[in-house]
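# Descriptive analysis of the structure
What follows is each chain in one-letter form.
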Amino acid sequence: MKKRDWLLENLQQLKISLKWIVFAAISGTAVGVVGTLFHFCLAGVTHTRAEHPWLIWLLPFGGLLIIGAYHLLQHEKDSGTNLVLSSIHSGDRLPLRMAPLIFLSTLITHLLGGSAGREGAALQLGGSIGSAIGRRFGFDEKDRNIMTMCSMSAAFSALFGTPMAAAIFSMEVVSVGIMHYSALVPCVIASLIACAVASHLGVPAEAFPLDAIPPLTVGSGARVIVLASLCALLSILFCVLLHQSERLYHKHFPNPYLRIFAGGCIVILLTLLTGSQKYNGSGIELIVRCMEESAAPEMFALKMLFTAATLGAGYKGGEIVPTFCIGAAFGCLFGSLTGFAPSLCTAVGMTALFCGVTNCPISSLLISFELFGYEGMPYFLLTVAFSYMLSGYHGLYHSQKIVYSKYRTDFINKKVG
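Below, the structure is looked at part by part. Predicted model, so just to flag it, every value in this text is computed and none were measured.

Okay, the sheet that holds strand E2 (residues 401-404) next. Pairing is mixed across the open sheet formed by three strands, whose spatial order is E1-E2-E3. Of all strands in the sheet, those with a lone pairing partner are strand E1 (175-176) and strand E3 (411-415), marking the two edges. Direction of pairing for E1 relative to E2: parallel, over a ladder of two bridges. Bridge pairing links Ser175 to Lys401 in E2.

Printed below as a string of structure tokens:
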């Protein structure tokens, strides 16, 4: 290569790198501020619901408001995070109006007692903002996809305070078996900046310190492998339950207004039957209980049921915190029954179920380090490996593609079940 050509090529690479540094910083700052606002609004409505338990009776009517808002803004066929992933695969336009819709509808769901998370909503918030920034500055389709991914990372990082996992998650979740490394620099920068912005504005990072971690032996490793394998099966069950609940709601209630109203009534009925609102909301409080080794045996199953009843009906929110909650409850139960380090089993359950439902082993490993510390690394490494391998081709997001087989070096290119 001639010296002049070499110089031009390197200047072009420098120009592209500077471009992504600038726009990742813009994305990280903007999404970090929005994510912070979202965090405090969610905290506010959660506190309000705790102070006024009677608000649960308004859940069906809140559902009507959600459907009405989506109809008003002509976004009735919204498929949530699936829409974000689909836009990256197909290049479809991701409307900016998705951001205020998911913001407000998630607040309504949490205020009135629906069982839903927040990070799934954050991915939609970040994705729609990033796509809008890309369109505003005339990016082509491929560059808009990178903007979408780096803004997803920023939103996840701002809400959960896990910049390592957030940076990788948006690249890993789109297509299982490959990584979009072209988005690495912008995702890392946006994630770190969003986390710093949120932290500066008072959003605490999630962390669950573990008690003394037993040394890795053949026996302790075998127990963790058994738990991870059971969580892989549980992840399949949870994904099937979520998707089947959505199909059943659509089959028996074709009208979206009637569907969400019925779903709200079902959640109220479940709440009355359990005699408590501890399964409503995201489930962070239940995770804390599990870390303190006070999980009831039925907790994981009831949280699955509440979440499927809520999200299947059309209420908005995320699936990730409920996933953590279900994994924590199951892991704590396993640890209590076997007498093996219940707090470690709680962490393993959270990590394994997250890996199983998202098909993202690297992100799962990183988030385990950020949530629980590095001391349990051998256990988390085993957990992620076995959960990923045994969870099959199921997942939370229909638009996620399995590009390469989990079991052989085969190109299969199929959507998750």
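Pairing between side chains of opposite charge can happen when the charged atoms of each approach one another. In total, this model carries three salt bridges according to the counting rule given. Arg408 serves as the salt-bridge partner of Asp410, at 3.6 Å between the closest nitrogen and oxygen. Looking at Asp410, the relative accessible area reads 31%, which means it is partly exposed. Look at Arg408 and you get exposed, because its relative accessible area is 59%.

An ideal rise of 1.5 Å per residue puts 24 Å on 17 residues; helix H8 (residues 184-200) measures up with 24 Å between its terminal C-alpha atoms. Listed as buried for H8 are Pro186, Cys187, Ala190, Ser191, Ala194, Cys195, Val197 and Ala198. Viewed end-on, H8 has its buried residues packed into an arc of 165°, placing them on one side of the element. Of the residues flanking the end of H8, it is Gly202, one or two places downstream, whose phi is positive at about 105°.

Moving on, we come to the environment of Thr323. With respect to the helices and strands, Thr323 occurs in helix H13 (residues 320-338). Judged by relative accessible area, which is 1%, Thr323 ranks as buried. The spatial distance from the C-alpha of Thr323 to the C-alpha of Met152 is 19 Å, given a sequence separation of 171 residues. Beyond its immediate sequence surroundings of up to four residues, Thr323 is in contact with Phe238, Leu353, Phe354, Val357 and Leu396. A distance of 2.7 Å separates a polar side-chain atom of Thr323 from the backbone oxygen of Glu319.

In this section: helix H7 (residues 163-172). The element H7 is largely enclosed, with a buried count of nine among its 10 residues. Buried residues of H7: Pro163, Ala165, Ala166, Ala167, Ile168, Phe169, Ser170, Met171 and Glu172, and no others.

Another aspect to go through is a nonpolar patch on the surface. A contiguous nonpolar patch, built from Trp6, Leu7, Leu8, Leu11, Leu14, Leu18, Ile21 and Val185 and spanning about 750 Å² of accessible area, is present on the exposed surface. Along the chain, Trp6 falls in helix H1 (residues 3-51).

Where E2 lies against E3, three bridges are found, and the strand directions are antiparallel. What sits directly across from Tyr404, in E3, is Phe411. Counting the residues that bridge the hairpin from E2 to E3 gives six residues.

Running from N to C, helix H5 (residues 119-136) and helix H6 (residues 141-160) cross one another at 140°; their axes reach a closest spacing of 7 Å. Seen from above, H5 lies across H6 with right-handed handedness. The residues of H6 that touch H5, namely those facing Glu119, Ala122, Leu123, Gly126, Gly127, Gly130, Ser131, Ile133, Gly134 and Arg135, are Arg144, Met147, Thr148, Ser151, Met152, Ala155, Phe156, Leu159 and Phe160.

This brings us to unusual backbone geometry. Positive phi values are uncommon outside glycine, yet Ala341 reaches one of about 35°. Along the chain, Ala341 falls in the loop between H13 and helix H14 (342-358).

With that settled, the discussion passes to the side chain of Ser229. For Ser229, the position within the fold is in helix H9 (residues 218-252). A relative accessible area of 17% places Ser229 in the buried class. Apart from the residues lying within four places of it in its own chain, the contact partners of Ser229 are Phe386 and Leu390.

Thresholds applied
Residues numbered from 1 in each chain as written. Predicted model: local features only at pLDDT ≥ 70, side-chain atom pairs only at ≥ 80, totals over all residues. Heavy atoms only, no water. Pairing = 2+ DSSP bridges. Helix = DSSP H or I, 4+ residues; strand = E, 2+ residues; numbered from the N terminus. Salt bridge = Lys/Arg side-chain N within 4 Å of Asp/Glu carboxyl O. Buried < 20%, exposed > 50% of the residue type's maximum accessible area, 1.4 Å probe, protein only. Expected span 1.5 Å × (residues − 1). Arc of directions from axis to C-beta. Contact = heavy atoms within 4.5 Å. Polar contact = N/O pair within 3.5 Å; in protein donor to acceptor, adjacent residues only side chain to side chain. Patch = residues over 30% accessible without salt bridge, like charges linked within 9 Å, V, L, I, M, F, W, Y side chains within 5 Å. Areas by Shrake-Rupley, 256 points an atom, 1.4 Å probe, with all protein chains shown as cover. Axes fitted to C-alpha atoms, helices over the stretch in contact; angles between N-to-C directions. Left-handed = near helix turned anticlockwise from the far one by under 90°.

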